[in-house]
Amino acid sequence: MASVEQLRRREGVNLVQLEADIASVRSGSSIASIALPDYVEHTEGVTRVGALSAEAVVRDYESAAKEIEAMGTELIEAAQKCEALTVQVHDAIAFMRETAAGYRDEGRKIFKRIEECALFTEDVRKTCEEVKRRMKDVSVGESPNEELATQELTGIAAKVSVYEIPATER
């Protein structure tokens, strides 16, 4: 392996050209224009080639570190978006639960109404049958007052008397 000292002794290695080549790859016009990161500094007595090599390597590492930090920033932003989405999902779930509870409540109300209507309809049917039977008994010749006195009427029939029914319907 050749040492730095041997490279200097060899002819054909142009350090100025090497520095110019490195500078052309970088965005700055020369190596001096690219600042070193704060966490490194050159050691006294290091050769120019060693210093340039160390700078190139540390700059690559610094570039990678900045990209890693940028990924971290992107992950933080993504996490914040996820948190915001999670809040929206929780709000949507709460709304759905409230809506479902409202539907159940409305269903219960309608269920009760239908059953009340069914009971009322059954009561009306029984009352109509009772009134028809009473009308039939009255038209056969029995005394309506005696019949009514002995019967125990229920529902609407208890509230309606035969005399309230128009004579044309008897």
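One structure accompanies this document, and this report is about it. (Residues numbered from 1 in each chain as written. Predicted model: local features only at pLDDT ≥ 70, side-chain atom pairs only at ≥ 80, totals over all residues. Heavy atoms only, no water.)

Counting its secondary structure elements, the protein contains 4 helices and 0 strands. Secondary structure of the protein in N-to-C order comes out as α-α-α-α. When each of the 170 residues of the protein is scored for burial, the buried share is 14%. (Helix = DSSP H or I, 4+ residues; strand = E, 2+ residues; numbered from the N terminus. Buried < 20%, exposed > 50% of the residue type's maximum accessible area, 1.4 Å probe, protein only.)

All right, on to the pattern of salt bridges then. Evaluation of the coordinates by the stated rule reveals 7 salt bridges. Glutamate 55 is the partner of arginine 59 in a salt bridge, and the nearest nitrogen-oxygen pair spans 3.0 Å. With arginine 59 and glutamate 55 both in helix H3 (residues 48-140) and 4 residues apart, the pair spans about one turn of that helix. Assigned by exposure class, arginine 59 and glutamate 55 land together as buried. Taking the shortest distance from any N to any O, the salt bridge between aspartate 105 and lysine 109 comes out at 3.6 Å. Highlighted residues: aspartate 105 and lysine 109, both in helix H3, separated by 4 residues, approximately one helical turn. Looking at aspartate 105, the relative accessible area reads 27%, which means it is partly exposed. Here the residues in one salt-bridge network are Asp105, Arg108 and Lys109, joined through shared partners. (Salt bridge = Lys/Arg side-chain N within 4 Å of Asp/Glu carboxyl O.)

Let's shift gears to the side chain of glutamate 62. Within the fold, glutamate 62 resides in helix H3. Among buried Asp, Glu, Lys and Arg side chains, glutamate 62 stands out as unpaired, with lysine 66 the closest opposite charge at 4.0 Å. Non-local contacts of glutamate 62, meaning those with residues more than four positions away in its chain, are made with Pro37 and Tyr39. (Lys, Arg positive; Asp, Glu negative; His and termini not counted. Contact = heavy atoms within 4.5 Å.)

Another aspect to go through is a nonpolar patch on the surface. On the surface, Leu85, Val89 and Ile93 cluster together into a nonpolar patch covering about 240 Å² of accessible area. Taking the relative accessible area as the measure of exposure, valine 89 reaches 41% and is therefore partly exposed. (Patch = residues over 30% accessible without salt bridge, like charges linked within 9 Å, V, L, I, M, F, W, Y side chains within 5 Å. Areas by Shrake-Rupley, 256 points an atom, 1.4 Å probe, with all protein chains shown as cover.)

All quantities given are derived from atomic positions and should not be read as evidence of function.
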